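# Structure at a glance
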Amino acid sequence: MVTNIKISSLIILILCIFGCQNAEQKPIKKIEKDFGLYENESDSIAVELKLNEFNDWNELLERTEQIVCNDSLPKITFDNDSIIKRVYLRNPCWEGISCILIKQKNTIQIHNDTISKSDRFFYPLDSLTSVLKKDFENNGKIPSWSVSPEKLMIFISYDNNNMERLPKTLEKVLNEYEKLTDSVVLKIWLNEKFDIPPPPPPPKEIDEIELIEDKK
């Protein structure tokens, strides 16, 4: 009788061990989020940009335009243990196009981790939350800020020796964007490098700028 109890206990223990192992091996389903993919578009037309394969910024821009001009969407994917985020870039195909009219107030420019608005206001990248919030809530009230969140476009550029920062910048943009809206219609455009203006004076606080412009 005692022997039967021991055997039964041993079988139960073995089953518990195998059950725990199977539970541990069960894959965790990841959350997937797409940013910049419009309702009438599909991931099937997307082409992955693997950032570590590019030697300089111009090479990355050239490949991005090649993809767009082949009627495809360039995308960059961030994949960690719990979530997959895909960024679909909205760069245009410049073949046969001389210029595209975009109102400067509807843009945020990020170059080498410096944010600029209307070439008048300059902020460190850590101020992205405040700048985005200001643009989101402006609704055309102040002329130098965005007309609406739907029209907002984010331009990103880097010098060649700084382009390794691009992944972190993109992730920061995604994270801050998610804090402000449930929308995933995020328009990001990889831009050509532009000349850095002379170092600006210390930036005013966002609220202070609002008060100054409201008086105009």
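Before reading on, note that the structure itself is shown above.
We now turn to the structure provided with this report.

Calculation notes
- Residues numbered from 1 in each chain as written.
- Predicted model: local features only at pLDDT ≥ 70, side-chain atom pairs only at ≥ 80, totals over all residues.
- Heavy atoms only, no water.
- Helix = DSSP H or I, 4+ residues; strand = E, 2+ residues; numbered from the N terminus.
- Buried < 20%, exposed > 50% of the residue type's maximum accessible area, 1.4 Å probe, protein only.
- Polar contact = N/O pair within 3.5 Å; in protein donor to acceptor, adjacent residues only side chain to side chain.
- Pairing = 2+ DSSP bridges.
- Axes fitted to C-alpha atoms, helices over the stretch in contact; angles between N-to-C directions.
- Contact = heavy atoms within 4.5 Å.
- Expected span 1.5 Å × (residues − 1).
- Disulfide = S-S within 2.5 Å.
- 1 Å grid on protein atoms, 1.4 Å probe; cavity = no way out; pocket = protein on both sides within 12 Å on 5 of 7 lines; lining within 4 Å.
- Points joined across faces, edges and corners; volume = space filled by probe spheres on them.
- Nonpolar A, V, L, I, M, F, W, Y, C, P; charged D, E, K, R; others polar.

Mapped onto the elements of the fold, S157 is located in strand 8 (residues 153-157). The class of S157 is buried, set by a relative accessible area of 1%. Among the polar contacts made by the side chain of S157, one reaches the side chain of H111 at a distance of 2.6 Å.

This brings us to the sheet that holds strand 8. One key point about sheets: their strands pair by backbone hydrogen bonds, in either a parallel or an antiparallel sense. Strands sit in the order 7-6-5-8-9 across an open sheet of five strands; the sheet is mixed. The outermost strands of the open sheet, each flanked by one partner alone, are strand 7 (121-124) and strand 9 (188-190). For this sheet, the mean inter-axis angle between neighbouring strands, taken without regard to orientation, is 25°. Sheet topology note: the strand 8/strand 9 ladder contains three bridges and is parallel. Of the residues in strand 9, the one forming a bridge with F155 is W189. Along the sheet, helix 4 (residues 166-180) contacts strand 5 (107-111), strand 8 and strand 9; its crossing angle with strand 8, the most-contacted strand, is approximately 165°.

This next bit is on helix 4. Over its 15 residues, helix 4 runs 22 Å from end to end, which matches the ideal 21 Å to within 8%, given 1.5 Å per residue. Residues of helix 4 that are buried: L166, T169, L170, V173, L174, E176 and Y177.

Right, let's talk about helix 3 (residues 128-138) for a bit. When we look at burial in helix 3, the residues that qualify are L128, V131, L132, K134, D135, F136 and N138. Backbone geometry just downstream of helix 3 places N139 in the positive-phi region, at approximately 50°.

This paragraph deals with the state of the cysteines. With the rule as written, the count across this model stands at one disulfide. One disulfide in the model links C69 with C93; its S-S distance is 2.0 Å. Taking the sign of the torsion about the S-S bond as the criterion, the disulfide between C69 and C93, at about 105°, is right-handed. With C69 in helix 2 (residues 57-69) and C93 in the loop between strand 4 (83-88) and strand 5, this residue pair connects regions lying 24 residues apart in the sequence. In this structure, C69 and C93 share a single accessibility class: buried.

A word on the layout of surface pockets. Considered as a void within the structure, the largest pocket measures approximately 410 Å³ in volume. Lining the largest pocket are 19 residues, and of these W94, F155, W189, N191 and E192 lie nearest its centre. No other element matches the five residues that helix 2 contributes to the lining of the largest pocket. Considering only residue class, the lining of the largest pocket consists of eight nonpolar, seven polar and four charged.

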